[in-house]
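Architecture at a glance
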Amino acid sequence: MTASILVVDDEADVRALLEDQLLSLGYAVRTAPSAEEALTLVEQAAPDLVLTDVHMRGISGVELCARLKADSRFALTPVVILTAVTDLDARVAGLAAGADDFFGKPFELSELGARLGALLRVKALLDHLERAEGVIVTLGATIEARDLYTAGHCERLAAYGVALGQALGVEEPLLRALRLGGYLHDLGKIAVPDAVLLKPGALTPAELEQVRRHPALGADLVRGLRTLDDVRPIIRHHHERWDGSGYPDRLRGEAIPLGARIMAVVDVFDALHTERPYKPALSTADAITILRTETDAGAWDPQVVARFVDIVRGLGLGRNGGATISSGMRRGG
Ligand SMILES: [Fe+2]
């Protein structure tokens, strides 16, 4: 597929020159006379690479770079800044803004082509990894779809998990892991037969053992997917308990990764708060009462639960959190 490059420069002759050169190298090219216009074009269709001048009226090329890098949709799009080799201030500011490369004016066509080609190859690889991640998230949704009672559970867990992570002040990589973890925490249930997963009555000890293998199995399934490195601990440890009585590793206290402690609390709350084949939905107040009682008994991280209670009270959730059906996952399963 032809790689697309967005050229941003306020001088029309520079834009035309770059457009000609890049077209001759076989790229698809769009041009913008200002950073403002570039941001509009990027929203319309994300380019594979942005090549921008520094000094322009309005938003500078450095600021354009910073804005793109701060936006999770475009953070991986390479940005190359065009600047005179002697303009050290612009280079330092560009580096701070996350620029991927600099190119000196006046430019040499062969060198420009080689440098852009290298950046675009990395971008293509990253796109490929993102698609792999999309496949695995879809797989998580497929598991949810096996059971009518699970509709919305993953979305709610992703939303609760991110909100709770933000309230606890966690950084962006963990927030992303919590969002993906909402979808993927029960990935290992793909190996649990329907007869067990959807069984309305009590599970036999052997069936319970089958269900309890899902965190370790799910974590093994995403091993090797480096984009999910931060999500794997959430998958493996979302059924651990603060007092060490959980599974699969019987971790205790802060030895349980924070993301997994967060996911455990929102998972339990959602299980209590929504209808199951074997029980009606509890009210928000009753779900919180049980969550607190279990926390007092040592099951969950008290700080995480306290923050979550604050959030739930702030949201004023209805009985079902806006959904009418819920996960078929049993408590503790
Ligand atoms: Fe689970």
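Rules and cut-offs
- Residues numbered from 1 in each chain as written.
- Predicted model: local features only at pLDDT ≥ 70, side-chain atom pairs only at ≥ 80, totals over all residues.
- Heavy atoms only, no water.
- Helix = DSSP H or I, 4+ residues; strand = E, 2+ residues; numbered from the N terminus.
- Buried < 20%, exposed > 50% of the residue type's maximum accessible area, 1.4 Å probe, protein only.
- Contact = heavy atoms within 4.5 Å.
- Lys, Arg positive; Asp, Glu negative; His and termini not counted.
- Charge placed at Lys NZ, Arg CZ, Asp CG, Glu CD.
- Donors = N, O, S within 2.8 Å, 3.2 Å for Na, K, Ca; no water.
- Tetrahedral: all angles 85-135°; square planar, octahedral: opposite > 155°, others 65-115°.
- Pairing = 2+ DSSP bridges.
- Right-handed = clockwise from strand over helix to strand, strands pointing away.
- Salt bridge = Lys/Arg side-chain N within 4 Å of Asp/Glu carboxyl O.
- Polar contact = N/O pair within 3.5 Å; in protein donor to acceptor, adjacent residues only side chain to side chain.
- Axes fitted to C-alpha atoms, helices over the stretch in contact; angles between N-to-C directions.
- Expected span 1.5 Å × (residues − 1).
- Arc of directions from axis to C-beta.
- Patch = residues over 30% accessible without salt bridge, like charges linked within 9 Å, V, L, I, M, F, W, Y side chains within 5 Å.
- Areas by Shrake-Rupley, 256 points an atom, 1.4 Å probe, with all protein chains shown as cover.

To continue, consider the overall build of the chain. Scanning the chain from terminus to terminus reveals 14 helices and five strands. When the 333 residues of the chain are sorted by exposure, 48% land in the buried category. Long-range contacts, defined as pairs at least 24 residues apart, comprise 65% of the intrachain contacts of the chain with a sequence gap of at least 6. Of the charged side chains in the chain, 36 are positive and 46 negative, and the gap between their average positions amounts to 8 Å.

Protein coordination of the iron ion is provided by Asp-186 (OD), His-214 (NE2), His-238 (NE2) and His-239 (NE2), with donor distances spanning 2.1 to 2.2 Å. Considering all four donor atoms around the iron ion, the spread of angles at the metal, 85 to 174°, places the coordination shape in the irregular class. One chain supplies every donor for the iron ion, spaced along it as D-x27-H-x23-H-H. Here the residue His-214 occupies a position in helix α10 (residues 214-221), and His-239 occupies one in the loop between α11 (232-237) and α12 (258-273), the gap between them amounting to 25 residues. Across the pair, His-239 and His-214 agree in class, each one buried.

A separate point is the pairing of strand β2 (residues 28-32). Both strand β1 (residues 4-8) and β2 contribute to a ladder of five bridges, which runs parallel. Within β2, the residue paired with Ile-5 across the bridge is Val-29. Crossover β1 to β2 through helix α1 (residues 12-24) is right-handed.

Structurally, the position occupied by Val-309 is in helix α14 (residues 302-315). As a C-alpha pair, Val-309 and Ala-285 span 24 residues in sequence and 9.8 Å in three-dimensional space. Sequence-distant contacts of Val-309, defined by excluding residues within four places in its chain, comprise Ile-288 and Arg-292.

This next bit is on the pattern of salt bridges. Under the counting rule described, the total for this entry stands at 15 salt bridges. With its nearest N and O atoms 2.7 Å apart, the salt bridge here joins Asp-249 to Arg-236. Pair noted here: Asp-249 is in the loop between α11 and α12 and Arg-236 is in helix α11, with a separation of 13 residues, a long-range link. We classify Asp-249 as partly exposed; its relative accessible area is 32%.

In this section: the side chain of Ser-34. Mapped onto the elements, Ser-34 comes out in the loop between β2 and α2 (35-44). Engagement of the side chain of Ser-34 in a polar contact is seen with the backbone nitrogen of Glu-37, the distance being 3.1 Å. With near-sequence residues (within four places) excluded, Ser-34 lies in contact with Val-8 and Met-56.

Moving on: the sheet that holds strand β3 (residues 49-53). Strand order in this open sheet of five strands is β2-β1-β3-β4-β5, and the pairing throughout is parallel. Edge positions in the open sheet fall to β2 and β5 (101-105), since each of these has one partner strand only. The sheet shows a mean angle of 25° between the axes of neighbouring strands, taken without regard to direction. In this structure, β1 lies alongside β3, joined through four bridges in parallel fashion.

On to α1. Its 13 residues give α1 an end-to-end C-alpha distance of 18 Å, which sits within 8% of 18 Å, the value for a rise of 1.5 Å per residue. Among the residues of α1, those classed as buried are Val-14, Arg-15, Leu-18, Gln-21 and Leu-22. Each buried residue of α1 sits inside an arc of 135° when the element is viewed along its axis, so together they form one side. Residues Asp-13, Asp-20 and Ser-24 are exposed on α1 and point more than 90 degrees away from its buried face.

Here we take up a nonpolar patch on the surface. Taken together, the side chains of Leu-139, Ile-190 and Leu-221 define a hydrophobic patch exposed on the protein surface, amounting to about 230 Å² of accessible area. Relative to the assigned elements, Ile-190 resides in the loop between α7 (172-184) and α8 (194-197).

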